[in-house]
Amino acid sequence: MTALDPSALLLTATTAEPCPGTLRVTVTGEIDMATRSRFDAELDRAVAAAPHRLVVDLLGVGFCGVTGMASLGRLRARCAAAGIDLVLKPSIVVRRALDLAAVAPLFGLEDRQDQAIAR
């Protein structure tokens, strides 16, 4: 019997390739200290796949703490270094955290209708 990973109850992530060259990671739950390693591992796998475009769908995220902001900052830097076009689809909670941290302008953001609101 394997031990249950408690972070699996707080955060889920699925990856899909909606079109060639684009990888989409859909995240639901909470991004905090308890789930950071799981979140980072999913993002690491996505970057390692070297897509042309990486879309991180955070519409299902209900909490994003400082740890989540740090993870997104690291992801941004890794994507820039790898030449990957990074796009975030933030929930209201994530958008507010990005705005409060004054880093929203650094990210390519898309609203719920898939229209770019900032690049």
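Residues numbered from 1 in each chain as written. Predicted model: local features only at pLDDT ≥ 70, side-chain atom pairs only at ≥ 80, totals over all residues. Heavy atoms only, no water.

(A) Layout of unusual backbone geometry. With phi around 55°, Ala50 is a residue other than glycine that occupies positive phi space. Mapped onto the fold, Ala50 is located in the loop between α2 (36-48) and β3 (53-64). Phi at Ala102 is positive, roughly 60°, even though this residue is not glycine. (Helix = DSSP H or I, 4+ residues; strand = E, 2+ residues; numbered from the N terminus.)

(B) Region of interest: the pairing of strand β4 (residues 85-90). Across the six residues of β4, five count as buried, placing the element largely inside the fold. In this view, the connection linking β3 to its parallel neighbour β4 by way of helix α3 (residues 66-82) has right-handed handedness. Pairing between β4 and strand β5 (residues 108-110): two bridges, direction parallel. Within β5, the position partnered with Val87 by the bridge is Gly108. (Buried < 20%, exposed > 50% of the residue type's maximum accessible area, 1.4 Å probe, protein only. Right-handed = clockwise from strand over helix to strand, strands pointing away. Pairing = 2+ DSSP bridges.)

(C) Quick peek at the nonpolar core. Counting residues in each nonpolar core, the largest one holds 27 residues, and the members touching the most others are Leu54, Leu58, Leu72, Leu75, Leu88 and Leu98. Among the elements that make up this core, the one with the highest residue count is β3 (five residues). (Core = buried A, V, L, I, M, F, W, Y, C linked by side-chain atoms within 4.5 Å.)

(D) Inspection of the environment of Glu17 at higher detail. Checked against the element boundaries, Glu17 lands in strand β1 (residues 11-19). Residue class for Glu17 comes out exposed when judged on its relative accessible area of 54%. Sequence separation of Glu17 and Pro51 is 34 residues, and the distance between their C-alpha atoms is 9.2 Å. Among all residues touching Glu17, those that are not within four sequence positions of it are Thr22 and Leu23. Within the structure, Glu17 has its side chain in polar contact with the backbone nitrogen of Gly21 (distance 3.5 Å). (Contact = heavy atoms within 4.5 Å. Polar contact = N/O pair within 3.5 Å; in protein donor to acceptor, adjacent residues only side chain to side chain.)

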